[in-house]
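Geometric and topological summary
Chain by chain, the residues:
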Amino acid sequence: MNSIRKLASHWGCRAAALSAALLLPLALPASAHRIEKRFPVDGRPVVIVRNAHGRIDVKSWKRMEVVVVGTHTSEKNEVESKQIDNRIEVNTHLKGQNLTPAEMEANYEITVPEETELQIQTGSGTVIVERVYGDMTFDTVAADVQLQEVYGFLMVKTIGGSLICTRCAGRLSVTSISGNIQLFQPQLDFARVQTTSGNILFDGELRRGSYNLKNYSGIIEVRFSETDSFDLNASTVLGSIENLATLKPDPRGARRQVPRASNAFIGTFNEGHARIELSTYNGKIRIRPRD
Amino acid sequence: MQCTEFESYLEQRSGEPFPPAAAAHLDACANCRNLIADFDVIETSAAALGAETPEPPERIWVSLRAALLSEGLIREPEPEHAGFLALLTNWLPRPALAGAYVAILLAAAVLIGLRGNLGTSYNTAGMLNGLEIAAVKETLRSAETNTPSVVAARHPDVTSILQKDMALVDNFIAMCEKQVREEPQNTLAREYLFGAYQQKADLLATIADRGARGD
């Protein structure tokens, strides 16, 4: 936890500089509508965003203030935001039916205190969150989600969107149907990741935490280094497993449950501090040393 | 403990008493108490399911809907502010939409009921027998019949993803069912089949839920 706080402090300095840049006037097309609202908050605010299509950027700063900058070019949607105590709600309202994608588009740049809870729901586009510490939920159909240096209980539910999670900490739950999921340098205590046809990449230290990565098809790739320490349980129904880690039986002598009629690799690498379960129906599992 | 943590704990719970942190949260949080009450209603209705899929009594729908509305999980669509998936449901009469919700909730209830009975690990989910699989399949089929087509979604990306992924999940269900028929003892294949049914229920619920909320 201390290391997280140190990281938070370090990231916070950089966040302040970035936040200053964020407040610069945006270069917008002449016909664009730009709405900026400021909400003073105390404690840990909850920011709820609901959008149909567009880009949502969320960054943090040291101030106890939420700033919402919404832009849209069409007259057929409008951006609304309101505050109820410490809860900030941001909504895109679509006016009329049969709108084109351009008429639906609204983009947001939102600056929040470092400790903020987020609830973001969007149809398509992109969601980017950097250096925010608090519980977060993301619910998208086709929108891609990028999280960087965030900490908390992170819940991502998407149909076809992808997730890139860089230096995320805390607990992570991801479900997707066709989205790809990539975890870079995670510092998670727990992660449960499932995608039906997407690929899953885990590239980071494996010395702590519990990871459950599962898909039906596609590739699950885990990259490890010689200093990592993990218990591995990899299984597949009809797929293949390529394991380049030299595993040994569990030093604690624990018996593992192996599903019947499936192929599996089970064993311990070094002391087995982290726990990683990989499962695919007919995809490929690769456990490879990091380059 | 936050509500999200409590819900996560609830997903993994298999009948044991609440630990102190969860119990304390439950005492203090009316929303989570309502959620537990909703699950009780769902499990009760799931237990009543036989080989056929009966129409649920109106009071179940009224109770579920009221609970979901009070939780803020669904709300009445605002005609002047129709959402990006509103076209999914705008052409449907309300009773049909209600039917879709109930069917999806009952599909979820079947899955929850089975999970509650069998636990969540692959070796227990793998114990689903043929009759249970048939019941889940029939419930999902009914739910799909009552769920509006995804063709009318507004944004082409959304339409494309929903169509593609529904086909994808259907394909995996067919593949897993074939595998389970050929290898009834393959517990991992049964676990995947169970997961594919859950995905289908989730996908149908997402389509109906987003459409009804008007976003």
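The shown structure was predicted, so the numbers you read here are calculated from the model rather than taken from an experiment.

**Some words on the overall build of chain A**
Secondary structure summary: chain A contains two helices and 22 strands in total. Looking at chain A residue by residue over its 291 residues, the buried ones come to 49%. Counted over contacts in chain A with a minimum sequence separation of 6, partners at least 24 positions apart contribute 50%.

**Observations regarding the overall build of chain B**
For chain B, the helix and strand inventory stands at ten helices and zero strands. Taken from N to C terminus, the helices and strands of chain B fall in the order α-α-α-α-α-α-α-α-α-α. Split into buried and exposed, the 215 residues of chain B put 41% on the buried side. In chain B, once contacts between residues fewer than 6 apart in sequence are set aside, the share between residues at least 24 apart is 77%.

**Focus on the confidence of the model for chain B**
Residues and elements named next belong to chain B. With 46% of its residues at a pLDDT of at least 70, chain B reaches an overall mean of 65. This model gives residues 48–54 a pLDDT under 50, and the stretch forms seven contacts once residues within four places in sequence are excluded. In this model, residues 115–127 is a region of pLDDT below 50 whose contacts with residues beyond four sequence positions or in other chains number 26 contacts. For this predicted complex, the interface confidence reaches an ipTM of 0.72, while the overall pTM sits at 0.70.

**Section: the confidence of the model for chain A**
Residues and elements named next belong to chain A. Of the residues in chain A, 85% reach a pLDDT of 70 or more, and the chain-wide mean stands at 88. Note on residues 1–5: pLDDT under 50 across the span, and two contacts to partners over four residues away in sequence or across chains. Throughout residues 13–28 the model reports pLDDT below 50, and contacts reaching past four residues in sequence, or to other chains, amount to 18 contacts.

**Overview of the environment of G239(A)**
Residues and elements named next belong to chain A. Position of G239 relative to the elements: it lies in the loop between β18 (230–236) and β19 (240–243). Overall, G239 belongs to the buried group, with 21 C-beta atoms counted inside 10 Å. C-alpha of G239 to C-alpha of E271: the two residues are 32 residues apart in sequence and 28 Å apart in space. Look past the residues within four positions of G239 in its chain and what remains in contact with it is T280, Y281, N282, G283, K284 and I285.

**Some remarks on the nonpolar core**
Grouped together as the largest cluster of nonpolar side chains are 95 residues, with contacts concentrated most on V150(A), L154(A) and Y192(B). In terms of residue count, the dominant contributor to this core is helix α10 (residues 187–213) of chain B (twelve residues).

**Overview of unusual backbone geometry**
All names here are of chain A. Phi is positive for D85, close to 55°, though the residue is something other than glycine. Among the structural elements, D85 can be located in the loop between β4 (77–84) and β5 (87–94). Look at N270: it is not a glycine, yet its phi comes out positive at around 55°.

**A short note on the environment of T92(A)**
Residue and element names in this part refer to chain A. On the secondary structure map, T92 appears in strand β5. Here the alpha-carbon distance between T92 and M104, two residues twelve residues apart in the chain, equals 8.6 Å. Beyond its immediate chain neighbours, meaning those up to four positions away, T92 contacts R50, N51, A52, N77, V79 and A106.

**Describing the environment of N91(A)**
Residues and elements named next belong to chain A. Residue position: N91 is located in strand β5. A residue is classified by how many C-beta atoms lie within 10 Å of it, and N91, with 20 of them, is buried. Separated by 41 residues in sequence, N91 and R50 place their C-alpha atoms 4.9 Å apart. N91 has contacts with R50 and E80, leaving out every residue within four places of it along the chain.

Thresholds applied
Residues numbered from 1 in each chain as written. Chains lettered and ligands numbered in written order. Predicted model: local features only at pLDDT ≥ 70, side-chain atom pairs only at ≥ 80, totals over all residues. Helix = DSSP H or I, 4+ residues; strand = E, 2+ residues; numbered from the N terminus. Buried ≥ 20, exposed ≤ 12 C-beta atoms within 10 Å, placed from the backbone. Contact = placed C-beta atoms within 7 Å. pLDDT = per-residue confidence, 0-100. Core = buried A, V, L, I, M, F, W, Y, C linked by C-beta atoms within 7 Å.

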